[in-house]
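Spelled out from the first residue to the last, the chains are:
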Amino acid sequence: MSNFRFLSVLTVAPLVGALVVAFLPRRRPELAKQVAFVWSLLVLVLSVVMWVSFKAGGDRFQFRESYTWIPNWGVSFTFAADGIALVMLMLIAVLVPLVILASWHDAESSKRSIPVYFALLLILESTMIGVFAAADVFLFYVFFEVMLVPMYFLIGSYGGHQRQYAAVKFFLYSLVGGLFMLAAVIGLWVVGGKTFDWQALSQVDISTGTERWLFLGFFLAFAIKAPFFPFHTWLPDAGGAAPAGAAALLVGVLDKVGTFGILRYCLPLFPEASKWFAPWALALGVIGIIYAALLAVGQNDLKRLVSYTSIAHFGFIGVGIFAFTTQAGTGAVLYMLNHGLATGLLFLVVGMLVSRRGSALISDFGGAGKLVPVLAGVLFFAGLASLALPGTAPFISEFLVLIGTFTVNKPVAVIATLGIILAAAYVLWMVQRTTQGTLNPALTEVDGMRRDLNLREKVVIAPLIALIVLLGFYPKPVTDVINPAVQATMDDIGKTDPAPSVGTVQEAAK
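Okay, so let's go over this structure. These numbers come from a predicted model, not from an experiment. (Residues numbered from 1 in each chain as written. Predicted model: local features only at pLDDT ≥ 70, side-chain atom pairs only at ≥ 80, totals over all residues. Heavy atoms only, no water.)

## A few points about the overall build of the chain
Helix and strand counts for the chain come out as 21 helices and 2 strands. Here the chain has a C-alpha radius of gyration of 22 Å; the compact-globule value for 510 residues is 24 Å, and the two agree. If one aligns the C-alpha atoms of the chain with their principal axes, the spans along those axes are about 70 × 60 × 40 Å. Sorting the 510 residues of the chain into buried and exposed places 59% on the buried side. Here the chain has roughly 19,200 Å² of accessible surface; of this, 66% comes from carbon and sulfur atoms. A distance of 6 Å separates the average location of the 32 positive side-chain charges in the chain from that of its 27 negative side-chain charges. (Helix = DSSP H or I, 4+ residues; strand = E, 2+ residues; numbered from the N terminus. Rg over C-alpha atoms; globule rule 2.2 N^0.38 Å. Buried < 20%, exposed > 50% of the residue type's maximum accessible area, 1.4 Å probe, protein only. Areas by Shrake-Rupley, 256 points an atom, 1.4 Å probe, with all protein chains shown as cover. Lys, Arg positive; Asp, Glu negative; His and termini not counted. Charge placed at Lys NZ, Arg CZ, Asp CG, Glu CD.)

Below, the structure written as structure tokens:
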């Protein structure tokens, strides 16, 4: 299977599935759901085969394939995956079938086409795969922009309160970031010998001033997409208005394009500028951790609260990237995966709770665990995973980020650690106000609150819980894939891990 064209097939397959689903009769919505779900499972199976075929100790970029697109511009359909991209592709393949299953009834109240809703989810999967698989800068930019379209319609057409405002704000923020990137992409093409091939551009020697401007163009686009403070204000609106499944993909995968872009494009292509801007990026990461955590504590809307927690988590990822150590870098990439699993689970569970109550306001709950004890227990577990409780996958990644950062920048690591305390506050307070304490009498009058998790919902959450626990105790299969790619990225920018002190060596010898 080493010669199989995994990446192009994975990119095109969901798009073909979307066309099939979109043209199914509107009067047969169940068939559209079933076809979309089965199609996403086929993508998952193919992704698992690709994961098994990947050689962790082999070439940095594998499954490379290239097809001429616009020869006069040096543009081609070039795909390749390193360990970082592979992990994100697997995250997409795992989340999309679960999101489709969790969204089984999400589109019914919108009075819009149900087949189109599930077709949009498959189109979104295609663009997400493409953006992580692209090894041509122009192709990456195209997927980066096209990815906005299905999410815009998912939010604007199928979302909740203020969906149009949230969709337009999401689109405009991302579009502005894309314009910065477009200017930088054109500049890179000019100074890079009129090619968009990543490998060729990584060998180009760029003057210091030009490199800093190009870095800034890419970084602003990725900082908005992630989002990092102060470019974050679109996320709570979009996450709060989007259907729960779309919100899980928005926060679980789409936002990772920003941090992935920094690792794939900013650091290797602009190494000196990356080091020059690093103190500013670390400052933004630390501010984001504390600021977003404080805002999360004061939220009364469950979906907006989860969105703010994600902004804080992206602060940790940013710190891990710009600490420039292999430990912190591996932690940052692992955080991207674990955050997608944990926050994806949290968003889906919150969506289940909100759909039963008919409200996302925390004040409309209270003691819900007495009526839906299993759902309340899963919410508690998802919250503990989100605050990185030992034994869950996010703990490993957060620990690596903080340890790797502490070796080179103690003040940043210490301040970032305060975010862990604040995370415990907003998560435990959310759980206490929502499912614990005295039962809100109004809940007994809501029919939905008398239904605990059904079989379909259990099938959705069980794989995520299993992965979070498994990777919390045994992350080696993933770190073995990530480590070589992170080490290669550190080599690109000329960074090596600090040597242990004499005392540390002596203690290790003992």
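## Here's the deal with the pattern of salt bridges
For the coordinates displayed, the defined rule picks out 9 salt bridges. As a salt-bridge pair, K169 and D237 come within 2.8 Å of each other at their nearest N and O atoms. Residue K169 is located in helix α7 (residues 163-191), and its partner D237 is located in helix α10 (residues 234-241); the two are separated by 68 residues in the primary sequence. Judged by relative accessible area, which is 16%, K169 ranks as buried. (Salt bridge = Lys/Arg side-chain N within 4 Å of Asp/Glu carboxyl O.)

## Observations regarding the pairing of strand β1 (residues 62-70)
By the bridge criterion, 6 bridges tie β1 to strand β2 (residues 75-81) in an arrangement that is antiparallel. Within the sheet, the bridge partner assigned to E65 lies in β2 and is F79. Hairpin connection between β1 and β2: a loop of 4 residues separates the two successive antiparallel strands, and G74 in this loop has a positive phi of roughly 70°. (Pairing = 2+ DSSP bridges.)

## Details of a nonpolar patch on the surface
A surface patch of nonpolar side chains, amounting to about 320 Å² of accessible area, comprises V168, L172, L175 and L179. On the secondary structure map, L172 appears in helix α7. For L172, a relative accessible area of 46% corresponds to the partly exposed category. (Patch = residues over 30% accessible without salt bridge, like charges linked within 9 Å, V, L, I, M, F, W, Y side chains within 5 Å.)

## Points about the side chain of T11
Examined against the element boundaries, T11 turns out to sit in helix α1 (residues 6-22). Note on T11: relative accessible area 6%, which makes it buried. Setting aside anything within four residues of it in sequence, one finds T11 in contact with F79, S126, I129, G130 and F143. (Contact = heavy atoms within 4.5 Å.)

## Some details on the packing of helix α5 (residues 137-146) against α7
Two measures define how a pair of helices packs: the angle their axes make with one another and the distance between the axes. Running from amino to carboxyl end, α5 crosses α7 at an angle of 170°, the nearest separation of the two axes being 11 Å. Our classification of the angle between α5 and α7 gives roughly antiparallel. On the side of α5, the interface is formed by V137, F140, Y141, F144 and E145, while α7 contributes S174, L175, G178, M181, L182, V185 and L188. Residues that form the contact of α5 with α7 fall into these classes: 9 nonpolar, 2 polar and 1 charged. (Axes fitted to C-alpha atoms, helices over the stretch in contact; angles between N-to-C directions. Parallel < 35°, antiparallel > 145°, perpendicular 65-115°, else oblique. Nonpolar A, V, L, I, M, F, W, Y, C, P; charged D, E, K, R; others polar.)

## So, helix α6 (residues 148-158)
Most of α6 is tucked away, with 8 of its 11 residues classed as buried. Residues of α6 that are buried: L148, P150, M151, L154, I155, G156, S157 and Y158. Summarising the contacts, the buried residues of α6 are in contact with α4 (114-133), α5, α7, α9 (208-225), α10 and α11 (244-254).

## Observations concerning the packing of aromatic side chains
Tallied over the full model, the rule gives 31 aromatic pairs. For the pair F54 and F63, a centre-to-centre distance of 6.1 Å together with 45° between the ring planes defines the contact as tilted. We classify F63 as buried; its relative accessible area is 10%. Judged by centre distance (6.3 Å) and plane angle (80°), the rings of W73 and F138 are edge-to-face. Placement of W73 in the loop between β1 and β2 and of F138 in helix α5 is noted, with a sequence separation of 65 residues between them. On the basis of relative accessibility, which here comes to 46%, the residue W73 falls in the partly exposed class. These aromatic residues form a ring-pair network of at least three members: W69, W73, F77, F138, W189 and F196. Here the basic side chain of K225 rests over the ring of F144, its NZ or CZ set 4.9 Å away from the ring centre. Directly above the ring of F406 sits K410, whose terminal nitrogen or CZ lies 5.1 Å from the centroid. (Phe/Tyr/Trp six-rings, centres within 6.5 Å; stacked < 30°, edge-to-face > 60°. Lys NZ or Arg CZ within 6 Å of the ring centre and 35° of its normal.)

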